[in-house]
Amino acid sequence: MIQRAFSAPGKALLVGGYLVLDQEYESYVVALSSRMHSVVESKPSDEIKVKVISSQFNNDTWEYSILKNSAGNLKPLEINGLKNPFVEKTILNVLNFFNAKKSNVNYEITIKIFSDPGFHSENESKVMFNGKKKFNFHKKTITNVPKTGLGSSACLVTVLTSALVSVFLNDFNVNNEENLSLIHNLAQVAHCQAQGKVGSGFDVAAATFGSILYQRFSADLINSLPSFEDEGINYGEHVLNLVNNTDWHFTHHRIQLPKGLRLIMGDVNTGSETTKLVAKVKAWYNDNMPESLNVYKSINDGNSKFISSLTIMNELAGSNVEEYNLILKEIEQGEFKHKVLTDISESILKIRSNFRNISKEGSVDIEPAVQTELLNNVIKQRGVLTAMIPGAGGYDAISIIATNDCNIKKSSDSSFENVTFLDLKQENFGLLEEETSSYDSFT
Ligand SMILES: Nc1ncnc2c1ncn2[C@@H]1O[C@H](COP(=O)(O)OP(=O)(O)O)[C@@H](O)[C@H]1O
Ligand SMILES: C[C@@](O)(CCOP(=O)(O)OP(=O)(O)O)CC(=O)O
């Protein structure tokens, strides 16, 4: 019996919301310290069986036997009729990929999934700690526990893909770029199919590669895959070709917040539906061409200035410690004189004001008035460099970049009453291999 374990981080899109859906624009994606985990056990067998257990959610279990159709494709069938499209599409793509590679896929595989507290509401959950890791156990099934918006499905698909790949690829190594790219490509395909749409994929990219500057792949890559059910199609061959032999032309440059700064995430708790927001913004964009293109260009100018200013800060932290410490002091004192600080703060204000215009013109709550008021109060606090609504915006969350010593979390300001500051930090790395013993005693 072989055992291995993997983990992948959640995400926050600090700049690049909506624009990242277009291949032309660059976005700044931060990986977060909340991780999803998979622990995989496998043994050779006469038939393929895959069991996925998510014991934190009322012992949710999905058990698949595999059917071979007339074209030789492998189709997972949940034996109790239970549905988890993310699990099913992951199994389907990984199995058919390795089947097309002529690898032996005859294994009995059991994968346990664990998810760090940040992904779901902690209400009514019971905390279990085994001395190494802490997980919340809920009385409800996964679909009935409210999410916080860190991208649970992308992390699930990424760690599940890694668990399965590690069974079929003996020397699978998360530090090998080629292996990482295999996980990324397979996970993007499965995630898009399970979601029923091709999003920008920044969440799967962050789960795999960590904090990155991200520019998307072309949606056509995934849209051009034939349907699994198409007659006479060898689906695995197509996946193999797409995943292994196609250049995806996407960017994932590693980034890191400048030294002395940290990310604070505030959960606002009401929630918004990304799909509806995206549909409204697309409608606004198309109805308002060519002015809408100018608005996007203006947002992109803000995004680029934000990104290049953080690069300048990172460089200064290495090359001129004295000047850098003065910059940090200016943030602490709330008096921005250095150009890099005024550039960062102005770039985010510019992005926000453009999104407020889109919100008004397109009747879409990207930065609703309550969030504007909240962010305006946040950026007045000492130690705060800037703050924004991450991702699609709406009523979900706010992100704050602040100094390590900033104590906004302890502020008694009544405008922060409805904000829950999450116990999270920025994380550099994406997919990691973990010690299997870290999960001992969790069932
Ligand atoms: N810990 C988990 N165990 C099993 N399935 C999970 C887990 N976390 C997420 N999922 C799957 O992902 C789905 C949520 O995906 P989605 O609605 O896209 O939310 P998110 O924005 O968090 O990715 C769940 O309904 C379930 O199918
Ligand atoms: C609008 C977007 O560009 C960003 C959405 O970011 P969120 O972090 O809000 O995402 P979800 O987890 O999917 O709700 C859509 C996209 O890039 O797919």
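Residues numbered from 1 in each chain as written. Chains lettered and ligands numbered in written order. Predicted model: local features only at pLDDT ≥ 70, side-chain atom pairs only at ≥ 80, totals over all residues. Heavy atoms only, no water.

### A word on the overall build of the protein
- On a plain count of helices and strands, the protein comes out with eleven helices and 16 strands.
- For 443 residues, the compact-globule formula gives about 22 Å, and the C-alpha radius of gyration of the protein, at 22 Å, lands near that figure.
- Judged by the C-alpha coordinates and their principal axes, the protein covers about 70 × 55 × 45 Å.
- Each of the 443 residues in the protein was classed as buried or not, and the buried ones make up 55%.
- Expressed as a percentage of contacts within the protein between residues at least 6 apart in sequence, the contacts between residues at least 24 apart total 74%.
- If you average the places of the 42 positive and of the 51 negative side-chain charges in the protein, the two averages end up 3 Å apart. (Helix = DSSP H or I, 4+ residues; strand = E, 2+ residues; numbered from the N terminus. Rg over C-alpha atoms; globule rule 2.2 N^0.38 Å. Buried < 20%, exposed > 50% of the residue type's maximum accessible area, 1.4 Å probe, protein only. Contact = heavy atoms within 4.5 Å. Lys, Arg positive; Asp, Glu negative; His and termini not counted. Charge placed at Lys NZ, Arg CZ, Asp CG, Glu CD.)

### Details of the nonpolar core
- Residues Tyr-28, Phe-168, Phe-306 and Ile-400 are the most contacted members of the largest nonpolar core, which totals 139 residues.
- Among the elements that line this core, the one with the most residues is helix α2 (residues 152-168), at eleven residues.
- Lining this core are residues from two domains, each supplying at least three of them: domain 1 (2-254) and domain 2 (261-427).
- Setting aside residues up to four positions removed in sequence, Ile-400 forms contacts with Arg-262, Leu-263, Ile-264, Val-378, Val-384, Thr-386, Ala-387, Ile-408 and Phe-421. (Core = buried A, V, L, I, M, F, W, Y, C linked by side-chain atoms within 4.5 Å. Domains from an automatic or database assignment.)

### Considering empty space enclosed by the protein
- Tallied over the entire structure, the rule returns two cavities of 30 Å³ or more.
- Taken as a whole, the largest cavity encloses approximately 130 Å³ of empty space.
- Along its surface, the largest cavity is lined by 15 residues, and Leu-14, Ile-351, Phe-355, Met-388 and Ile-389 are the ones closest to its centre.
- Mapped by element, the contributors of at least two residues to the lining of the largest cavity are β1 (2-15) and α10 (339-361).
- Top element by residues in the lining of the largest cavity is α10. It accounts for four residues. (1 Å grid on protein atoms, 1.4 Å probe; cavity = no way out; pocket = protein on both sides within 12 Å on 5 of 7 lines; lining within 4 Å. Points joined across faces, edges and corners; volume = space filled by probe spheres on them.)

### Brief notes about the pattern of salt bridges
- Under the counting rule described, the total for this entry stands at eight salt bridges.
- Residues Glu-229 and Lys-75 are paired through a salt bridge, measuring 2.8 Å at the closest nitrogen-oxygen approach. A residue pair is termed long-range when its members are at least 10 positions apart, and Glu-229 in the loop between α5 (219-223) and α6 (235-244) and Lys-75 in strand β5 (residues 74-78) qualify at 154 residues.
- The class for Glu-229 is exposed, based on a relative accessible area of 52%.
- The salt bridge partner of Glu-273 is Lys-276, with a shortest N-O separation of 3.3 Å. (Salt bridge = Lys/Arg side-chain N within 4 Å of Asp/Glu carboxyl O.)

### Some remarks on the site of ligand 1
- The immediate surroundings of ligand 1 are formed by 15 residues, with Ser-54, Asn-84, Lys-147, Ser-152 and Ser-153 found nearest.
- Between Asn-84 and ligand 1, the recorded distance is 2.9 Å, taken from a side-chain N or O atom to an oxygen atom.
- Those elements that place two or more of their residues in the shell around ligand 1 are β6 (107-115) and α2.
- Top element by residues in the shell around ligand 1 is α2. It accounts for three residues.
- Here the shell around ligand 1 is built from residues that sort into seven nonpolar, seven polar and one charged. (Near = heavy atom within 4 Å. Polar contact = N/O pair within 3.5 Å; in protein donor to acceptor, adjacent residues only side chain to side chain. Nonpolar A, V, L, I, M, F, W, Y, C, P; charged D, E, K, R; others polar.)

### Here we look at the sheet that holds strand β14 (residues 420-421)
- Taken in spatial order, the four strands of this open sheet run β12-β13-β11-β14, and their pairing is antiparallel. Each edge of the open sheet carries a strand with a single partner, namely β12 (384-388) and β14.
- By the bridge criterion, four bridges tie β12 to strand β13 (residues 397-403) in an arrangement that is antiparallel. When the bridges of β13 are listed, Ala-387 appears paired with Ile-400.
- Contacts from helix α9 (residues 321-333) reach β11 (261-267), β12 and β13 within the one sheet, and its direction differs from that of β13 by about 125 degrees. (Pairing = 2+ DSSP bridges. Axes fitted to C-alpha atoms, helices over the stretch in contact; angles between N-to-C directions.)

### A short note on the packing of aromatic side chains
- Within this structure, the stated rule accounts for 21 aromatic pairs.
- Pairing Phe-209 with Phe-250 gives two aromatic rings, centres 6.2 Å apart and planes at 45 degrees, and the pair type is tilted. Residue Phe-209 is located in helix α4 (residues 202-209), and its partner Phe-250 is located in the loop between α6 and β10 (251-254); the two are separated by 41 residues in the primary sequence.
- Its end group placed over the ring of Phe-129, Lys-134 keeps NZ or CZ at 5.5 Å from the ring centre.
- Over the ring of Phe-217 we find Arg-216; its NZ or CZ atom is 5.2 Å from the centre of that ring. (Phe/Tyr/Trp six-rings, centres within 6.5 Å; stacked < 30°, edge-to-face > 60°. Lys NZ or Arg CZ within 6 Å of the ring centre and 35° of its normal.)

### Topic: the site of ligand 2
- Around ligand 2, a shell composed of 13 residues is seen, among which Lys-11, Tyr-18, Ser-200, Thr-274 and Ala-392 lie nearest.
- The contact in question runs from an oxygen atom of ligand 2 to an N or O atom on the side chain of Lys-11, over 2.6 Å.
- Breaking the shell around ligand 2 down by element, the ones donating at least two residues are β1 and α7 (274-287).
- Residue classes in the shell around ligand 2 are distributed as seven nonpolar, five polar and one charged.
- A domain split of the shell around ligand 2 shows at least three residues from each of domain 1 (2-254) and domain 2 (261-427).

Geometric values such as these leave the question of function open.
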